[in-house]
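Each chain is listed here by its residues.
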Amino acid sequence: MPPGPLPALALYGGKVVTLDGADSIAQAVLIRGNRIAAVGRTAEVLAATDLTAVRLDLRGRTVVPGLIDGHAHMDREGLKSALPTLAGCRGIDDVLERIAALARAARPGQWIVTMPIGEPPDYRGVPEALREGRWPTRHDLDRAAPDNPVYIKSIWGYWRHSLPLVSIANSMALRLAGVGRGTLSPSPHLTIERDASGAPTGVFIETAYMPLAEFTLMAAAPGFTPAQRIEGLERSMAVYAGFGTTGVFEGHGVATEVIAAYRHLRASDRQRVRAHLVFSPAWGAAEGAERLALVRSWLSWLAGRGLGNGWLRVAGLYGEAGEDSDNRLRAGALPRLGTGWAGFNYDSGLHRSALRDVLIEAARNGVRAVGIWPDMLDLFAEVDRVAPITGQRWVYGHVSTADADAVARIRDLGLAVTTHTNRYIYKEGAALAARLGPEREDEVVPLRRLLDAGVPVSLATDNVPPSLFPPLWHAASRRTREGGTVAPAQALTRLEALRCASTHGAWLVGEEAERGSIEPGKLADLAMLSDDPLTVDEDSLPAITAVLTLVDGRVVHRTPGSCPTFPPLHRSPP
């Protein structure tokens, strides 16, 4: 648990990027309790301190407002260490050694569930990177753990953004799951690999980005426990705070198991990062009037500002058009297995007409809606014609491409935009530009057009990776994974990109009067950085980290030994 705020803390002798209305650059900032008391030149700020104040010499380092991730999936990061790792395994024998060690520590019959084979965070190049050039089979795993069911999970496909996904079970796990010669796959996207005799090899191959085998064929294997969710979320917050992130907006929506983990950390005062959670509905078999009745029953905690406070708030509803048969299969494992890596409900999608009715009900009752796929813009416009949404700050997320007409509609509907630059500029930007052609290249993540139109754009990580500095780099450089640039005319200045990572994030969560800039009276959410994002070499932007992160005047992150000459916090001498 981070300690409470200091009586007074003066940070001085550095560069304070305030992001105030005048884009002022200061030298020092004074914090009293959980609020910013003064910003200005070093001499002025130090003169305002008394003998109880802690003084911290920045030694020229840069301080920025706390960053706010517009689409974070923060809960997912800590789950990556909830399971035993197979990182570093260079061959099947290495994998078997890890499994054997886990089996020796387990009771006979106890499930052993591990992380995927490969190197995090992307898990690329497998199985080719293994000495044998193949996946282990059930027979391999049987040698390591003959008395335990073993299941090696697949990755969350968006970590790598390439297919296939692969998971592996040993013979006991297959037997407990009821998978045998006569077992049929529940989906064309899931293949049960078989040997020459038709028996399952234990290898499951998936051509979908969200895992399916673990919720269907291997549903006998345990999912994440509530304790793992809580512990994982606490680890996640430490990671995000380490990159200067002080707040998140969960626009894809979260399921109740994630909300419960947040509430536990909040109640025990272990929350390090502020969170605004949008609700991910599980529609199940609800139909027509029953769905609308559900929305009405949620009004007391989803409408307007919802439930909670500046630390933890639940408000708004996620919407997705279209029902997917694979998602129905995944949702069938609820509640026993939860939502796995996702953190959102798989059955949150509805047929377009049904979703339209739900969104109209939401608009009439002041429930903010969030959509992340391109078809949602037209649907939001349809809803607006029946029940106006302007002023309700509905959110249009991801935004891979948008022409001038789409940008105008986004502006006129009063929408906020969250971006996924890791995917749509860095990973897929070149492909999107090639598909659109040279004359339409500026439609690829048109950040410049959006800002010029007055649309608040919030940068986001989507947890790939958890730092906002790669998206800041994408926004400023427009660099692609191939080394070229895409739609350079849509680039932002670094100051504009930083504002999208902080000030606009504060607007997104409805707290622009409290956060998003370093100004007297605002909350003391700020980060001292390893490098200056406004002047550092462009290709060094993604590697920036936080040396010190404050939320509500509390130190929630400190990088030990990051700079040997950097003095520890100390009280002013009498």
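Placed above this text is the structure.
Residues numbered from 1 in each chain as written. Predicted model: local features only at pLDDT ≥ 70, side-chain atom pairs only at ≥ 80, totals over all residues. Heavy atoms only, no water.

Here we look at the overall build of the protein
Across its full length, the protein holds 18 helices and 27 strands. Computed over its C-alpha atoms, the radius of gyration of the protein comes to 25 Å, within 12% of the 25 Å expected for a compact globule of 574 residues. The C-alpha extent of the protein, read off along each of the three principal axes, is 80 × 60 × 50 Å. Counting all 574 residues of the protein, 58% fall into the buried class. (Helix = DSSP H or I, 4+ residues; strand = E, 2+ residues; numbered from the N terminus. Rg over C-alpha atoms; globule rule 2.2 N^0.38 Å. Buried < 20%, exposed > 50% of the residue type's maximum accessible area, 1.4 Å probe, protein only.)

Concerning the packing of helix α6 (residues 226-241) against helix α7 (residues 256-267)
In the contact formed by α6 and α7, the axes pass within 9 Å of each other and the chain directions differ by 70°. Here α7 runs roughly perpendicular to α6, going by the angle between their axes. For the element pair α6 and α7, the recorded crossing hand is right-handed. From α6, R229, I230, L233, E234 and M237 reach across to α7, where they touch E257, V258, A261, Y262, H264 and L265. Residue classes in the contact of α6 with α7 are distributed as 7 nonpolar, 1 polar and 3 charged. (Axes fitted to C-alpha atoms, helices over the stretch in contact; angles between N-to-C directions. Parallel < 35°, antiparallel > 145°, perpendicular 65-115°, else oblique. Left-handed = near helix turned anticlockwise from the far one by under 90°. Contact = heavy atoms within 4.5 Å. Nonpolar A, V, L, I, M, F, W, Y, C, P; charged D, E, K, R; others polar.)

Concerning the environment of R134
Among the structural elements, R134 can be located in the loop between β9 (112-114) and α4 (138-144). Taking the C-alpha atoms as reference, R134 lies 48 Å from V358; in sequence the two are 224 residues apart. Not counting chain neighbours up to four residues away, the residues in contact with R134 comprise I92, P127 and D140. Among the polar contacts made by the side chain of R134, one reaches the side chain of D140 at a distance of 3.0 Å. (Polar contact = N/O pair within 3.5 Å; in protein donor to acceptor, adjacent residues only side chain to side chain.)

So, unusual backbone geometry
The residue after V126, namely P127, is reached through a cis peptide bond having omega 10°. Geometrically, the link from L334 to P335 is a cis peptide bond, its omega value of 0° lying close to zero. Structurally, the position occupied by P335 is in the loop between α9 (325-331) and β19 (349-350). In this structure, Y123 takes a positive phi of about 55° despite not being glycine. Along the chain, Y123 turns up in the loop between β9 and α4. In this structure, D269 takes a positive phi of about 55° despite not being glycine. Positionally, D269 belongs in the loop between α7 and β15 (274-279).

Some points on the sheet that holds β9
Taken together, 5 strands build an open sheet; the order of strands is β9-β10-β11-β13-β12 and the sheet is mixed. For this open sheet the edge positions go to β9 and β12 (190-194), each flanked by a neighbour on one side alone. Averaged over all neighbouring strand pairs, the angle between strand axes comes to 15°, with direction disregarded. Sheet topology note: the β9/strand β10 (residues 150-152) ladder contains 3 bridges and is parallel. Paired with V113 across the two strands is Y151, which belongs to β10. Of the strands in this sheet, β9 and β10 are in contact with helix α3 (residues 92-104), which crosses β9 at around 140°. (Pairing = 2+ DSSP bridges.)

A word on the side chain of T18
Among the secondary structure elements, T18 is positioned in the loop between β2 (15-17) and β3 (25-26). A residue is classified by how much of its surface remains accessible, and T18, at 1% relative accessible area, is buried. Separated by 2.7 Å, the side chain of T18 and the backbone oxygen of S24 make a polar contact. Those residues in contact with T18 that lie beyond four places of it in its chain are D23, S24, A26, V39, P65, S517 and I518.

Quick notes on the pattern of salt bridges
Taken as a whole, this structure holds 35 salt bridges when the rule is applied. The partner of R124 in a salt bridge is D122, with the nearest N and O atoms 3.7 Å apart. Here R124 falls in the partly exposed class, since its relative accessible area comes to 40%. Within this structure, D75, R229 and E257 form a network of salt bridges that share partners. (Salt bridge = Lys/Arg side-chain N within 4 Å of Asp/Glu carboxyl O.)

Side note on the sheet that holds β2
Overall, mixed pairing links the 6 strands, which are arranged β3-β2-β7-β24-β25-β26 in an open sheet. Among the strands making up the open sheet, the edge pair consists of β3 and β26 (554-558). One ladder, built from 4 bridges, connects strand β25 (residues 546-551) with β26; its direction is antiparallel. Each bridged residue has a counterpart across the sheet, and for L550 the counterpart in β26 is V555.

Section: the pairing of strand β17 (residues 312-318)
Residues in a regular strand point their side chains to alternate faces of the sheet. The buried fraction of β17 is high, at 7 of 7 residues. Strand direction decides the pairing type here: β15 and β17, joined by 4 bridges, are parallel. If you follow H276 over to β17, its bridge partner there is R313. Connecting the antiparallel pair strand β16 (residues 307-308) and β17 is a turn made up of 3 residues. Relative to strand β20 (residues 369-371), β17 runs parallel, the two sharing 2 bridges. Considered in β20, the bridge of L317 is made with A369.

Section: the pairing of strand β13 (residues 200-206)
Counting buried positions along β13 yields 6 of 7 residues, so the element is predominantly enclosed. Pairing of strand β11 (residues 165-169) with β13, which is carried by 4 bridges, proceeds in the antiparallel orientation. Residue V166 lies in a different strand from β13, and its bridge partner there is I205. Where β12 lies against β13, 4 bridges are found, and the strand directions are antiparallel. What sits directly across from T191, in β13, is I205. Linking two consecutive strands that pair antiparallel, namely β12 and β13, is a turn of 5 residues; a positive phi of about 95° is found at G198 within it.

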